[in-house]
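Architecture and fold: a report
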Amino acid sequence: MKKPGLRGERQAAHSGAERGLLPAAQEAKNDSHGDAAPAASSPFAGFARWSGRPDAGDCLHYFTCRRWVLMGPALLVSALLMGLISGTLPDMVAGLCMVLGMALCLPASIYARMERRVVHNGWQRYPLLFVAILLPMMLFGFGAARWTNLHPHLGWEVTVNIFVIVVLMATALLENRLTSIIAATIGLWGGGSLHAGSMASFTLLTVGTVIGLLMAIRQARTASSQSNRHAEREREQRRAEQLLHEYEQTGQGWFWETDRQGKITYVTRSIAALLGSTVSEMEGKSFTGMFMLEAAGQEGERTLVFHLNTRSSFQDLGVRAATGEKDERWWSISGRPVLDQFNNFMGFRGSGTDLTEKRRSQAHVTQLARFDSLTKLANRFQMSEWLEKILTSPRIETRACAVFLLDLDRFKAVNDTMGHPAGDALLKQVAERLSNTVGDRGRVGRLGGDEFQVILHGAQNREGLAHLARRIIENLSQPYTIEGARVTIGASVGIALCPDDGMTSDALIRNADLALYAAKGGGRGRHHFYDEDLHSDAKERQQLEQDLRDAIASGSLELHYQPQVRTTSEKITGFEALLRWNHPVHGYISPAKFVPVAEETGLVAQIGEWALRTACADLAKWPEEVRVAVNVSPLQFANPALPAIVTSAIAAAGVSPGRLELEITESVFLGDDRTTEAMFSALKNLGVRLALDDFGTGYSSLGYLKKAPFDKIKIDQSFVRGATIQGSRNGAIISSIVNLAEALGMETTAEGVETLDELDLVRMLGCSHVQGYIYERPLNAQSVLAQLIDGLVAVAKGPRSARATRQTMLRKVALEHGPHSYEGTIRNISQHGAMIEGLWNVPVGTTFGVHLADDYVVMATSRWCKEDRMGLEFGQPLELDGNGAVLFTPVRPRREKSETAPLRRTA
């Protein structure tokens, strides 16, 4: 016995849904006999709103049917049999009754339509029952009984058998309509009894009628109960069909069915359309042809083919659809085997849903979880995962790798001055340059902010790593164009190697981070390999940060003031406020050491505000013609509240705004935008003076001088040092700056003047002010008050000139003392010694190995030390070149003439 498929069931359900409450099987049966009424469409309103009205072919409710028309010919055949058997003919009355009975059966279709137009339980049906069934049978029975009585040859044995045949025919034609069958039986036998007219016959007929009525009443009740059950089943069937239909139509899911050979017997129409086909074309094709199984990435054992072959159920199996679309479409399918009543496998039946958006969402989540959303580089999680995979490799030799940690120099200034959108654009360009530089050698990722990481797998040569680090720094330091502005930043690189510097990811990252801090502490724009001494340096820096926080909280910071003297009158016009920290253990610490810590930890804004308020408070005690200059960091300048802070400090001290001078470096112009111009305008509107500090050492062009309302330009001391040496170009640079300032109506201050010759030079070149040791070192507030009591006249004190053999420079060198290595800066050098800055409190007599070049080490001894400067005496005099300058390379021994082969002229 073949079980109907999903397609057949759905079609049957559709048919049942359209025709009413009759079960599909019964309706089919009625149709096969030609007795079904035309389909009556009953519109849906919601999920389950049905009228409950029976169908025209419902034998449980309706008395008549179209097949009753056959009863006329049946009665005619019965009458002919009676005539043939008896060899007689009925009289006119009997014949007329029998013919009239036959005629009343012929309009059966009219009776059926009339009955369908009334309510199925209305009283109007019973007269119709009488006319259509009871009366024709009664007339035929009366005529047959009269014929039998008139002709003894006919006999009741023949008539009774004819009556039995007629009743059987009526029963067959009326099917299960018990009330109609009882009416037909009573009518037939009642007609015969009417002709006999005996009391016994009437009595028996009455008893039979009562029994028939009781049976009809019982049948009506049973029919009502069955009808309700049928209606409920039909409502459930139609509700399920409607839900499934809507489920398919909304695209939330679809259904499929296969036969035992895996051929498609049913599939949702929308899915067939996605596959570029129709339902009829899909039928008979292989079910697996709907999918791209080789692209599904199913490496496991339980794939779709496996389940189909083993005839096992499966659920939520992800497969890629063979739709041929440009974008991938994924489905989740579930299925189970279908068995007949004998447990024979008939095929599969299941459903599917669209997984495309879910997989896209999962891919997006994976992208967010493993990649940086801004630069599209690998994020911290993925880089850590990849490094951990390398370090846990089964083979020890494959665990070798190198880790680069990169930090962008001066990126914070770009973010603060130009805004975060500009910073994001800059980070994208940095990521692109970094990826192009590293190439296929390693993997590049962004850890967050302006921190990047590079992982190189395999054994690495330190020289090769150093070369790559220099290339990275060089490429990242090239100018960028952001929103039409030219921006220059730098980069510092820390390097750690496995297994030399650690065998775990935590150790490698920590050590690379220490190397990065060492690179940044060495002047930025450098690379540094990890060294064990860096741990102690990091601990020292951490302690320095904590001590600085304590110093801010306890008010241990100090302001010292260095006078600024007018060159024409040698009178003090103002003082520059310089930050000093007298550490309780280490004494005075150089600002070059603790200010970077304050910038990195965000303490510089708090310190800057304190310095501004303290300088204004001290200024209130000075003469009216004396000003004070306070340095403003780029972070302070980017703070929108700076004008309010300046106003509050001036008001609290009760000084004139014109006596306050704010010194601003060129780095604020990295973001030459409206915000910078608005800040300059706001500060200028307060009445304070603005000075451009360290002019010529920044990163911007001269274009900002057209708009920035500066009152003064400060010439950096790097141009003053060595300006008096013959052949130096510094004097020409100073002269150009002075001419530029005068053309723009600005004053000039030469910083770092230490000799009388330098003083004479800057005076001759037209500098309006001088600041340096030639007049005074920085003084505390009490010493300033004492000096101002004596008057405003300043007296130059110092050497006439720098020693002729000394060269002024800024050159980074490494100094070795025992197992330790330090970094310093040569300020000036001669054949016999040098002044080096960067080391504090060096005991006199300490010996160092000074690395003047990669392959040139000179032994030297400290002879004096003041603050962070010390004088070294070389063990052996250095060689000079033809111009009298010190050589920073070892002099190669000259070969004797005998060692040199004479040059001969050949033909």
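Values in this document were obtained by computation on a predicted structure and should not be read as measured data.

Another aspect to go through is the sheet that holds strand S4 (residues 330-339). Ordered by their spatial adjacency, 5 strands build an open sheet running S2-S1-S5-S4-S3, and the pairing between neighbours is antiparallel. Whereas interior strands pair on both sides, the edge strands pair on one side only; in this sheet they are strand S2 (264-267) and strand S3 (314-320). In this sheet, adjacent strand axes meet at a mean angle of 25° when their direction is disregarded. Of the pairings in the sheet, the one linking strand S1 (residues 254-258) to strand S5 (residues 345-354) comprises 4 bridges and is antiparallel in character. Residue pairing for S5: Trp 256 is matched across the bridge by Gly 350.

Another point: the packing of aromatic side chains. Under the definition given, this model contains 14 aromatic pairs. Between Phe 680 and Phe 710 the ring centres are 5.4 Å apart and the planes differ by 75°, which places this aromatic pair in the edge-to-face class. One end of the pair, Phe 680, is in helix H24 (residues 674-686); the other, Phe 710, is in the loop between strand S18 (689-695) and strand S19 (712-715), with 30 residues separating them in the sequence. For the residue pair Phe 680 and Phe 710, the accessibility class agrees, reading buried in each case. Here the aromatic residues Trp 254, Trp 256, Phe 287, Phe 291, Phe 314, Trp 331, Phe 345 and Phe 348 are joined through ring pairs into a cluster of three or more.

What the 5 strands build is an open sheet, ordered S7-S8-S6-S11-S12; its pairing is mixed. Two strands lie at the open edges of the sheet, namely strand S7 (443-448) and strand S12 (527-529), each paired on one side alone. On average, each strand axis in the sheet is tilted by 20° relative to the strand beside it, whichever way the strands run. For strand S6 (residues 401-409) and strand S11 (residues 490-498), the ladder comprises 9 bridges, and the chain directions are antiparallel.

As a further point, take helix H26 (residues 730-743). Taking 1.5 Å of rise per residue, 14 residues should cover 20 Å, and H26 covers 20 Å from first to last C-alpha, within 8% of that figure. Looking at the buried residues of H26, the elements they touch are S18, S19, helix H25 (717-720) and strand S20 (747-751). Just past H26, the residue Gly 745 takes up positive phi, approximately 70°.

Moving on to the packing of helix H3 (residues 71-86) against helix H4 (residues 92-105). Put simply, H3 and H4 touch, their axes get as near as 7 Å, and they point 155° apart. Judged by the angle between their axes, H3 and H4 are roughly antiparallel. Of H4, the residues touching H3 (which contributes Met 71, Gly 72, Leu 75, Leu 76 and Ala 79) are Met 98, Gly 101, Met 102 and Cys 105. Classifying every residue of the contact of H3 with H4 by side-chain character gives 7 nonpolar, 2 polar and no charged.

This part takes up unusual backbone geometry. With an omega dihedral of 15°, the bond running from Cys 498 to Pro 499 counts as a cis peptide bond. Structurally, Pro 499 can be placed in the loop between S11 and helix H18 (505-521). Phi at Glu 483 is positive, roughly 55°, even though this residue is not glycine. Mapped onto the elements, Glu 483 comes out in the loop between strand S9 (480-482) and strand S10 (485-487). Positive phi is not limited to glycine here, since Glu 867 has a value of about 50°. Tracing the backbone shows Glu 867 in the loop between strand S26 (856-866) and strand S27 (869-874).

The next subject is the nonpolar core. One finds Tyr 561 and Leu 660 to be the most contacted residues of the largest nonpolar core, which totals 81 residues. Tallying contributions element by element places helix H21 (residues 604-619) first for this core, with 7 residues.

What counts, and at which threshold
- Residues numbered from 1 in each chain as written.
- Predicted model: local features only at pLDDT ≥ 70, side-chain atom pairs only at ≥ 80, totals over all residues.
- Heavy atoms only, no water.
- Pairing = 2+ DSSP bridges.
- Helix = DSSP H or I, 4+ residues; strand = E, 2+ residues; numbered from the N terminus.
- Axes fitted to C-alpha atoms, helices over the stretch in contact; angles between N-to-C directions.
- Phe/Tyr/Trp six-rings, centres within 6.5 Å; stacked < 30°, edge-to-face > 60°.
- Buried < 20%, exposed > 50% of the residue type's maximum accessible area, 1.4 Å probe, protein only.
- Expected span 1.5 Å × (residues − 1).
- Contact = heavy atoms within 4.5 Å.
- Parallel < 35°, antiparallel > 145°, perpendicular 65-115°, else oblique.
- Nonpolar A, V, L, I, M, F, W, Y, C, P; charged D, E, K, R; others polar.
- Core = buried A, V, L, I, M, F, W, Y, C linked by side-chain atoms within 4.5 Å.

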